Amino acid sequence: MGKKAVLIGCNYTGTKAELKGCSNDVKKMQRCLIDRYGFSEGDIKILIDTDDSYTQPTGRNIRNALALLIKSAETGDVLFVHYSGHGTRLPAETGEEDDTGYDECIVPCDMNLITDDDIRELVDKVPKGCRITFVSDSCHSGGLIDDAKEQIGESCKDDCEDKEENGSGLGFVGTIIQKTGDALQSAFSHDNIAEDSTLTNRSLPLDTLVDILKQKTGNHNINVGNVRPTLFDVFGEDSTPKIKKFMKVLMDTFKGGTEDGGGFLGKIGVLAQDFLKEKFENNADYGKPAMETEVGGKQDAYAGSKKNKLPENGILISGCQSDQTSADATPSADRAEPFGALSHAIQMIIQETDGKVSNRELVVKARNSLKKQGFKQRPGLYCDDKHVDSPFIC
């Protein structure tokens, strides 16, 4: 049985999005995997942006690392991914009436967003008999593996029967989350937190993302309604499959001249049409990376698009629910290094249990621990039924 891991930490040093504890989370998890779970150092790929001697956690590098991890896997292998960094939610941009969801995303250091659909496509490639555990200490991380079954959490938005959470926090929780415009409510309370600690949430607000993209591109016409076209314009071939699918449908509509005032081009408007027209006039191959992407229909470009089958091999432990933010804590110098609230809780639980803890137990203990410390974020567990009481990692 092989044991392989990818650990990702994004601190975004020197930007408006700067965090403090993400690289520390990665280094502690690396040590934990080696000392507690028998991983070999050579089988752990680290991507952090605070040390140039490591691979930088850009969108392209993260996707390549995850793809190589899964490609190298064989039946019986244990795969583990830990992400510490910002999360964000992209609202629908197509203008179609039935496109009302969000794309939950992780935020690489270069802002080349990776969506829940992109991660789901990777999980679907995990070989049979092999499982992958994904810990995401980031905001809006509930449901980051698209369509994974919610075992502990309140991020479910399906039209299912509401179920109340019992006192222990065990079992299924079907509380329906009301949709909010920005979904950036605070994930933590200052109750029971030392006054000399600095808390930052690991959510990248869309206006901050837009500001960073404006600085990166020099284009000040970017707004919340055209983030996806901007990401494609900046990253091109290196943009994520979900962004390419969006652009393919957009370009097909533009080239086909089928727009009737609503839908894709009606929503994005004259600016998008002028933008595409200028791009194609200057470079006939501009849209090639998107046009070569396989798309089953316009729904593939929708935010929060759904699959027909739930993933069986993926286990997601999220730092919070899809409408919440996760905390990045910076204690005073004489106490400890900065850390992510979930990452720190996991390390404490592993130490207390000597690593002998199930996925269910870990999430319940983390919820209780964070609540006692004054944090409002509620970690979640998303996986097939058979993995609920399986050992954490291995």
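Nothing here was measured: the structure is a model prediction, and the numbers come from that model.

Rules behind the numbers
Residues numbered from 1 in each chain as written. Predicted model: local features only at pLDDT ≥ 70, side-chain atom pairs only at ≥ 80, totals over all residues. Heavy atoms only, no water. Helix = DSSP H or I, 4+ residues; strand = E, 2+ residues; numbered from the N terminus. Buried < 20%, exposed > 50% of the residue type's maximum accessible area, 1.4 Å probe, protein only. Contact = heavy atoms within 4.5 Å. Areas by Shrake-Rupley, 256 points an atom, 1.4 Å probe, with all protein chains shown as cover. Axes fitted to C-alpha atoms, helices over the stretch in contact; angles between N-to-C directions. Parallel < 35°, antiparallel > 145°, perpendicular 65-115°, else oblique. Left-handed = near helix turned anticlockwise from the far one by under 90°. Pairing = 2+ DSSP bridges. Salt bridge = Lys/Arg side-chain N within 4 Å of Asp/Glu carboxyl O. Phe/Tyr/Trp six-rings, centres within 6.5 Å; stacked < 30°, edge-to-face > 60°. Lys NZ or Arg CZ within 6 Å of the ring centre and 35° of its normal. pLDDT = per-residue confidence, 0-100.

Scanning the chain for helices and strands turns up 10 helices and 13 strands. Buried positions account for 56% of the 394 residues belonging to the chain. Put simply, of all contacts in the chain between residues at least 6 apart along the chain, 74% involve residues at least 24 apart. When the accessible surface of the chain is totalled, it reaches about 17,000 Å², and 45% of it is carbon and sulfur.

Glancing now at the packing of helix α1 (residues 22–37) against helix α9 (residues 341–353). Close contact between α1 and α9 brings their axes to 10 Å; oriented N to C, the two are set at 20°. Relative to α9, α1 is oriented roughly parallel. α9 is crossed by α1, and the crossing has left-handed handedness. Each of Asp 25, Lys 28, Met 29, Cys 32, Arg 36 and Tyr 37 in α1 lies in contact with α9, whose residues at this interface are Ser 343, Ile 346, Gln 347, Ile 350 and Gln 351.

What follows is about the packing of helix α4 (residues 206–217) against helix α5 (residues 227–235). Relative orientation of the contacting elements α4 and α5 amounts to 35°, with a least axis distance of 11 Å. Relative to α5, the crossing made by α4 is left-handed. Contacts between α4 and α5 involve Leu 209, Val 210, Leu 213, Lys 216 and Thr 217 from the first element and Val 227, Thr 230, Leu 231 and Val 234 from the second.

Okay, the sheet that holds strand β5 (residues 102–106) next. Strand order in the open sheet made by the three strands is β4-β5-β6, with antiparallel pairing throughout. Where the open sheet ends on each side, the last strands, each with one partner, are β4 (87–91) and β6 (114–115). Taken together, the five bridges between β4 and β5 define a ladder with antiparallel strand orientation. Bridging across to β5, Pro 91 finds its partner in Tyr 102.

Another aspect to go through is the pairing of strand β11 (residues 327–330). Bridge analysis of strand β9 (residues 198–201) against β11 gives four bridges, and the strand direction is antiparallel. Each residue of the ladder has a partner; that of Leu 199, found in β11, is Ala 329.

Tracing the chain through its elements places Ser 390 in the segment after β13 (380–382). Accessibility expressed as a relative area gives 15% for Ser 390, which makes it buried. Setting aside residues up to four positions removed in sequence, Ser 390 forms contacts with Arg 131, Ser 358 and Asn 359.

Moving on, we get to the pattern of salt bridges. Under the criterion given, the structure shown has 22 salt bridges. For Arg 202, the salt bridge is made with Asp 25, and the minimal N-O distance between the two is 3.0 Å. Of this pair, Arg 202 sits in the loop between β9 and α4 while Asp 25 sits in helix α1; the two residues are 177 residues apart in sequence, bridging distant segments of the chain. A salt bridge links Arg 367 to Glu 154; the nearest nitrogen and oxygen atoms lie 3.1 Å apart. Here Glu 154 lies in the loop between β8 (150–152) and β9 and Arg 367 lies in helix α10 (residues 359–372), a separation of 213 residues in the sequence. Its relative accessible area of 10% is what places Arg 367 among the buried residues. Residue Glu 154 is classed as buried on the basis of its relative accessible area of 4%. Three or more residues joined by partner-sharing salt bridges are found here, namely Asp 25, Asp 137, Arg 202 and Asp 328.

Scanning the entire structure with this criterion turns up three aromatic pairs. Judged by centre distance (6.3 Å) and plane angle (85°), the rings of Tyr 37 and Phe 392 are edge-to-face. Highlighted residues: Tyr 37 in helix α1 and Phe 392 in the segment after β13, separated in sequence by 355 residues. Classification of Phe 392 as buried rests on a relative accessible area of 0%. Judged by centre distance (5.6 Å) and plane angle (90°), the rings of Phe 232 and Tyr 286 are edge-to-face. Separated by 54 residues along the polypeptide, Phe 232 in helix α5 and Tyr 286 in the loop between α7 (263–282) and α8 (288–291) bring together distant segments of the chain. With respect to burial, Phe 232 and Tyr 286 carry one shared label: buried. A connected cluster of aromatic rings, assembled from ring pairs, spans Tyr 37, Phe 80 and Phe 392. We note Arg 89 situated over the ring of Tyr 102; from NZ or CZ to the ring centre the distance is 3.9 Å. Positioned over the ring face of Phe 246 is Arg 228, at 5.7 Å from the centre of the ring.

The next point concerns the confidence of the model for the chain. Of all residues in the chain, 80% attain a pLDDT of 70 or more, and the chain-wide mean is 82. For residues 158–191, every residue scores under 50 in pLDDT, and the model assigns this stretch 66 contacts once sequence neighbours within four places are set aside.

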